[in-house]
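Residue strings, one per chain:
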There are 2 protein chains.
Amino acid sequence: MSLRMTTPPPHGGRLEERVVRDPQLAKKLAKGCPVYDIKPTLSDKGVPVRNVYREIMSTCYGFFSPVEGSMKEAEVEKVLNERRLLNNWIFPYPLVFDISEEDYKQLGVTAGDRVLLRLKGKPFAILDVEEVWRIKDTTELANRVFGSPEKNPEVVQEAFNEKHPGWVIYKSLNPVVLAGKYTIINEPKFRAPFDRFWCPPVKSREEFQKRGWRTVINHQTRNVPHVGHEHLMKNAAYTGDIEPCHGILVNAIIGVKRKGDYPDESILEGHEAVNQGGYIKPERHMVTYCLWDMRYGNPLESMLHGIIRQNMGCTHHMFGRDHAAVGDYYDQFATQTLWDKGIPSYGFDKSICEVEYGLHIKPQNMREFWYCPVCQEIAYSESCGHTKQKEKFSGSFIRGMVGEGIFPPRVIFRPEVYKAVVKWWKEFNFPFCNQNYVVAQEQKLEVDLPDLDV
Amino acid sequence: MSLRMTTPPPHGGRLEERVVRDPQLAKKLAKGCPVYDIKPTLSDKGVPVRNVYREIMSTCYGFFSPVEGSMKEAEVEKVLNERRLLNNWIFPYPLVFDISEEDYKQLGVTAGDRVLLRLKGKPFAILDVEEVWRIKDTTELANRVFGSPEKNPEVVQEAFNEKHPGWVIYKSLNPVVLAGKYTIINEPKFRAPFDRFWCPPVKSREEFQKRGWRTVINHQTRNVPHVGHEHLMKNAAYTGDIEPCHGILVNAIIGVKRKGDYPDESILEGHEAVNQGGYIKPERHMVTYCLWDMRYGNPLESMLHGIIRQNMGCTHHMFGRDHAAVGDYYDQFATQTLWDKGIPSYGFDKSICEVEYGLHIKPQNMREFWYCPVCQEIAYSESCGHTKQKEKFSGSFIRGMVGEGIFPPRVIFRPEVYKAVVKWWKEFNFPFCNQNYVVAQEQKLEVDLPDLDV
């Protein structure tokens, strides 16, 4: 019997870090290239719903390994049909660099050309065009990305529509796709507090080793943690190999916000407060993030999350109910099903850890936590028998309390976490993302770019 | 990657159930055999320290598979030198049927003879003698069983002596060993409440299957559970395969008592109260026991515990600090070391799950739990950073409280569990085992025997 787990290999066998750090080389690479200024993807209503810069960042820093850039038409087809890249490694979503017909006309590039991508007016990355192709129908694309109750009866409960933010992203894409590899040539600098939590795969793997973490379990978040989240983290982490996981990695998904979300700054510092407050000590707990405009694809999203965290070097990933879900489009255990026995209609007749070219990060499928007044503690649904007395955690209830300026009791919200919320509440004049925050965030983004004269 | 665990095979490959249930066959087998009345092993001071009937029970019902009886001299030598049986399967302790020279003279059997063993004056089992041999020096045997700081410097900190109850057992053995297989021919009937918790390996394996428990973690106990034990159980159980363990098996070691121990009846019903009170619901929690006069051999004891629970069908076994320890003879993490990397001086240069003919039950090595007034909960030493504020669980402190008639607060002792203690306190006029209990228990034992006319 083999007892010890080891850091899994990157998805696809090797980490793709496509970042040029030598300014001379950067200039040489960008020399004479046609220039394109990255713009946010806007919905029909003109609302920013995505910024491709985040995909470029996550691709070039290796979070999405083995993906290296914007996908060719055949690769998108294969992803939609089999949820696999052309090299057969599993991958849930099409990722493309899309521009409008007008911009394309102006840019006038074809296969073999290189484009210099600018962000906030500064050189950022290059895209080596390998193919130019067109999305015929973005609504059809959006439907195919997520599936439907007819095609995916195991897990899809409702047809996707404009109320689903991920669907809206695909629906809002521009028609022309420049497919090819990205290379960052001018590393963006993260604004505070993002700078402190930036830890791409190469660095996180080093960090785990430095900390002596043989086993690390990931916690996915887009939330300021209440005590229920804290218990999910620390209790899921009792799995491991011959002893509980050495490390707990919080990896927040940072990207376009929806109204009512907590600001990204509160999320990161709220999680940090959990370790600074000693609820999970910092020696065992580390807060990081990945740039990604969440697609809310529940099982599909969980596959991407698994890829990101495997690339970061995690051995385990915890999954609760309604993972990365919005609304009732999916069955609430769809993600756990994908990791447990697979979802044939997406192409997986067994767990995505058991298929060929699948993942090597191990799921920890968790049920519910609630507050139990009989046990007098946060209890786990599979242990606690006091179902009549249980008091469910409600994120919206706690958000309501916070919004009313009520300091929640420490058994449901840690005071140190609350302080982090208040800090950013003062900064943004509201504890949650409002229209101002959403728009400002998509203008400022998380980064600034150094000057680079090309 | 293989995700799912399955019920491990019995230790040694097959379950040994050596119980004859047909009275006609029983009579035939026992016919004309010389008779020996089982007596307790007495210490120098005349105190009962062991009853071989418990070993016969645990052997014949398969808890000790692949052991089938009392060991030959060569097997005892091999166990002492390599901690392996003659068939190479690992095993920690010599197990022998020992009698005095006087009794031997009277019995006058040799290899090839069969002895009828009586318990409480009734036919109980037969022993087919394969070898008669002598223990030359029981002090030397006792020393060799447990080891010494010189020979086992990795884990033994103090020389064993008459303060160690396991050492005293071996020291107190009679000189003549009748080696050979046991067969129970008249199944004892357990007294209440023991009858309700009797679940030998064949039955426990059936029960796990009936309950749909793919993964089951064992909790070793000789204690009435306080809330720290409850948390050890339910938190260790978050390990599993793709999800937390389906079942939590409490398997108490029931045997000779020491003064100050909780009575066996309180231990069993105290654990049952945990599930009846809904702290770990009965669907996930099952209380059982194994008859064994504990040797307190810490790592060696843990090996036997692993064998017992693997035979019962458990996939996991939790181990805390000072597993099955008494005093400071062993390093407090000696058991975890044996299961983690092995103890070369006992013959294991890697985990006893990784050696040939080793175990197939997986360890879950756990650190400490304490009450944390900042977290306001039972906290785990590897998560909680409030080491200045922590309030350690002290079994002796809680026992002190109980002894004074103080009802402990429900965050450290569940009221339902306390009730079970009180119930037996009334029965025995004292919450713990006193001299009366110890002597009475060894006279009554846990069983009565039906009549069987042979």
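From a predicted model like this one, the values you see are computed outputs, not experimental measurements.

Some details on the overall build of chain A
In step 1: Broken down by element type, chain A carries 15 helices and 18 strands.
In step 2: Each principal axis of the C-alpha distribution contributes one length, and for chain A these read about 70 × 50 × 45 Å.
In step 3: Here chain A holds 454 residues, and the buried ones make up 63% of them.
In step 4: Relative to all contacts within chain A whose residues are 6 or more apart in sequence, the contacts with residues 24 or more apart total 76%.
In step 5: Carbon and sulfur atoms make up 48% of the accessible area of chain A, which amounts to about 16600 Å² in all.
In step 6: Positive and negative side-chain charges in chain A, numbering 59 and 59 respectively, have mean positions lying 3 Å apart.

A closer look at the pairing of strand β6 (residues 114–119) of chain A
The side chains of a regular strand alternate between both faces of the sheet.
Residue and element names in this part refer to chain A.
In step 1: As defined by bridge partners, strand β1 (residues 35–37) adjoins β6 across three bridges and the pair is classed as parallel. By the bridge assignment for β6, D37 is matched with R118.
In step 2: Where β6 lies against strand β7 (residues 122–134), six bridges are found, and the strand directions are antiparallel. Note on β7: the bridge partner recorded for L119 is K122.
In step 3: Between β6 and β7, which follow one another and run antiparallel, lie two residues, and K120 among them has a positive phi close to 50 degrees.

Concerning the interface of chain A and chain B
In step 1: Chain A puts 50 residues into the contact, and the matching count from chain B is 50 residues.
In step 2: Of the roughly 4100 Å² buried between chain A and chain B on both sides combined, carbon and sulfur atoms contribute 46%.
In step 3: Residue K234 of chain A is joined to E377 of chain B by a salt bridge in which the shortest nitrogen-to-oxygen separation is 2.6 Å.
In step 4: Where chain A meets chain B, there are 26 residue pairs in polar contact (both at pLDDT 80 or more).
In step 5: Breaking the side of chain A that touches chain B down by element, the ones donating at least two residues are α9 (227–236), α12 (334–340), β14 (362–365) and β16 (377–380) of chain A.
In step 6: Per-class residue counts for the side of chain A that touches chain B are 19 nonpolar, 16 polar and 15 charged.

Some details on the sheet that holds strand β12 (residues 285–291) of chain A
All names here are of chain A.
In step 1: The five strands lie next to each other as β12-β11-β10-β13-β14, forming an open sheet whose pairing is parallel. Every interior strand has two partners, whereas the edge strands, β12 and β14, have only one. Pairs of neighbouring strands in the sheet enclose a mean axial angle of 30 degrees, with direction left out of account.
In step 2: Pairing analysis gives four bridges linking strand β13 (residues 316–319) to β14, with the strands arranged parallel. Bridge pairing in β14 places H316 opposite K362.
In step 3: Contacts between helix α2 (residues 52–60) and the sheet are confined to β11 (247–254) and β12, with β12 contributing the most and set at about 125 degrees to the helix.
In step 4: Sitting on the sheet, α9 touches β10 (216–221), β11, β12, β13 and β14, and the angle it makes with β10 is about 160 degrees.

A look at helix α15 (residues 435–444) of chain B
All names here are of chain B.
In step 1: Listed in full, the buried residues belonging to α15 are Y437, V438, Q441 and E442. The arc enclosing the buried residues of α15, seen along the axis, measures out at 120 degrees, which places them on a common side. What points out from α15, more than 90 degrees from its buried face, is the exposed set N436 and Q443.
In step 2: Contacts made by the buried residues of α15 are with β3 (48–51), α2 (52–60), α7 (194–197), α10 (264–276) and α14 (415–428).

Observations concerning helix α13 (residues 395–403) of chain B
Residue and element names in this part refer to chain B.
In step 1: Turning to α13, its buried residues number three or more, namely I398, M401 and V402. Mapping the buried residues of α13 onto a view down its axis gives an arc of 100 degrees, with all of them on the same face. What points out from α13, more than 90 degrees from its buried face, is the exposed set S396 and F397.
In step 2: Tucked into the core, α13 has its buried residues touching α14.

Remarks on the UniProt feature "domain: ATP-sulfurylase PUA-like" (unreviewed entry) in chain A
In step 1: Look at the UniProt record and you will see "domain: ATP-sulfurylase PUA-like" (unreviewed entry) annotated at residues 9–186 of chain A.
In step 2: Structurally, residues 9–186 of chain A is divided into 28% helix and 24% strand, and its ends, taken at the C-alpha atoms, are 28 Å apart.

Points about the packing of aromatic side chains
In step 1: The final tally for this structure, using the stated rule, is 61 aromatic pairs over all chains.
In step 2: Summarising the aromatic geometry, the rings of F430 of chain A and F432 of chain A are spaced 5.9 Å apart at their centres and angled 80 degrees between planes, so their arrangement reads as edge-to-face.
In step 3: The class of F430 of chain A is partly exposed, set by a relative accessible area of 36%.
In step 4: Directly above the ring of Y296 of chain B sits R258 of chain B, whose terminal nitrogen or CZ lies 5.0 Å from the centroid.
In step 5: Lying over the aromatic face of F333 of chain B, R367 of chain B brings its terminal NZ or CZ to 4.1 Å of the ring centre.

With respect to the nonpolar core
In step 1: Of all hydrophobic cores here, the largest spans 288 residues; its most connected members are I56, F97 and L178 of chain A together with I56, F97 and L178 of chain B.
In step 2: If we skip the residues at most four places from it in the chain, F97 of chain A touches Y36, I38, V52, I56, S70, L117, L127, V176, V177, L178 and Y182 of chain A.
In step 3: Judged by nonpolar contacts, the second largest core, of nine residues, contains A26, L116, I185 and L452 of chain B.

Some details on the domain arrangement of chain A
Residues and elements named next belong to chain A.
In step 1: According to the domain assignment, chain A consists of domain 1 (23–190) and domain 2 (194–442).
In step 2: In this complex, domain 1 contributes 44 residues to the contact, which on the side of domain 2 involves 45 residues.
In step 3: Of the roughly 4200 Å² buried where domain 1 meets domain 2, counting both sides, 65% is carbon and sulfur surface.
In step 4: Ranking the residues of domain 1 by area buried against domain 2 places R54, F63 and F190 at the top, with a combined share of 20%.
In step 5: One can count three salt bridges joining domain 1 with domain 2.
In step 6: Salt-bridge contacts for E442 lead to R54; the nearest nitrogen and oxygen are separated by 2.7 Å.
In step 7: There are 23 residue pairs in polar contact (both at pLDDT 80 or more) connecting domain 1 and domain 2.
In step 8: At the level of secondary structure, the elements contributing two or more residues to the side of domain 1 that touches domain 2 comprise β3 (48–51), α2, α5 (138–146) and α6 (165–171).
In step 9: At five residues, α2 tops the list of elements feeding residues into the side of domain 1 that touches domain 2.
In step 10: A class-by-class count of the residues in the side of domain 1 that touches domain 2 yields 23 nonpolar, 11 polar and 10 charged.

With respect to the pairing of β3 of chain A
Residue and element names in this part refer to chain A.
In step 1: Pairing of strand β2 (residues 40–42) with β3, which is carried by three bridges, proceeds in the antiparallel orientation. Each bridged residue has a counterpart across the sheet, and for P40 the counterpart in β3 is N51.
In step 2: In sequence, β2 turns back onto β3 through a hairpin of five residues, with G46 there showing a positive phi of about 80 degrees.

What to know about the pattern of salt bridges
Residue and element names in this part refer to chain B.
In step 1: The tally for this structure, following the rule as stated, stands at 75 salt bridges over all chains.
In step 2: Between R21 and E17 there is a salt bridge, with the nearest N and O atoms lying 3.4 Å from each other.
In step 3: Take R21: its relative accessible area is 49%, and that puts it in the partly exposed class.
In step 4: Judged by its relative accessible area of 30%, E17 falls in the partly exposed class.

With respect to the relation of the copies chain A and chain B
In step 1: Of the transformation placing chain A onto chain B, the axial shift is 0.0 Å and the rotation is 180 degrees, giving an RMSD of 0.0 Å. In short, the pair behaves as if placed about a two-fold rotation axis. Of every C-alpha in chain A, the one belonging to T239 of chain A sits nearest the axis of rotation, 2.0 Å from it.

Side note on the environment of W370 of chain A
All names here are of chain A.
In step 1: Its location among the elements puts W370 in strand β15 (residues 369–372).
In step 2: Given a relative accessible area of 3%, W370 falls into the buried group.
In step 3: In sequence terms W370 and T387 are 17 residues apart; their C-alpha atoms lie 9.5 Å from each other.
In step 4: Once residues lying within four places of it in the same chain are set aside, the contact partners of W370 are E377, I378, A379, S381, C384, T387, K390, E391, K392 and F393.

Quick notes on unusual backbone geometry
In step 1: Of note, the amide linkage connecting S65 of chain B to P66 of chain B takes the cis form, showing an omega dihedral of 5 degrees.
In step 2: Mapped onto the elements of the fold, P66 of chain B is located in the loop between α2 and β4 (69–70).
In step 3: The peptide bond linking A192 of chain B to P193 of chain B adopts the cis configuration, its omega dihedral lying at 0 degrees.
In step 4: Relative to the elements of secondary structure, P193 of chain B occurs in the loop between β9 (189–190) and α7.
In step 5: Positive phi, close to 50 degrees, is recorded for A324 of chain A, a residue that is not glycine.
In step 6: With respect to the helices, strands and loops of the structure, A324 of chain A is situated in the loop between β13 and α12.
In step 7: The backbone of N298 of chain B sits at a positive phi, close to 45 degrees, despite the residue not being glycine.
In step 8: Tracing the chain through its elements places N298 of chain B in the loop between β12 (285–291) and α11 (299–312).
In step 9: Classification of N298 of chain B as buried rests on a relative accessible area of 0%.

Conventions used here
Residues numbered from 1 in each chain as written. Chains lettered and ligands numbered in written order. Predicted model: local features only at pLDDT ≥ 70, side-chain atom pairs only at ≥ 80, totals over all residues. Heavy atoms only, no water. Helix = DSSP H or I, 4+ residues; strand = E, 2+ residues; numbered from the N terminus. Buried < 20%, exposed > 50% of the residue type's maximum accessible area, 1.4 Å probe, protein only. Contact = heavy atoms within 4.5 Å. Areas by Shrake-Rupley, 256 points an atom, 1.4 Å probe, with all protein chains shown as cover. Lys, Arg positive; Asp, Glu negative; His and termini not counted. Charge placed at Lys NZ, Arg CZ, Asp CG, Glu CD. Pairing = 2+ DSSP bridges. Buried area = accessible area lost by both parts, 1.4 Å probe. Salt bridge = Lys/Arg side-chain N within 4 Å of Asp/Glu carboxyl O. Polar contact = N/O pair within 3.5 Å; in protein donor to acceptor, adjacent residues only side chain to side chain. Nonpolar A, V, L, I, M, F, W, Y, C, P; charged D, E, K, R; others polar. Axes fitted to C-alpha atoms, helices over the stretch in contact; angles between N-to-C directions. Arc of directions from axis to C-beta. UniProt positions renumbered as here; feature names shortened; annotations may be inferred. Phe/Tyr/Trp six-rings, centres within 6.5 Å; stacked < 30°, edge-to-face > 60°. Lys NZ or Arg CZ within 6 Å of the ring centre and 35° of its normal. Core = buried A, V, L, I, M, F, W, Y, C linked by side-chain atoms within 4.5 Å. Domains from an automatic or database assignment. Least-squares fit on C-alpha atoms with pLDDT ≥ 70 in both.

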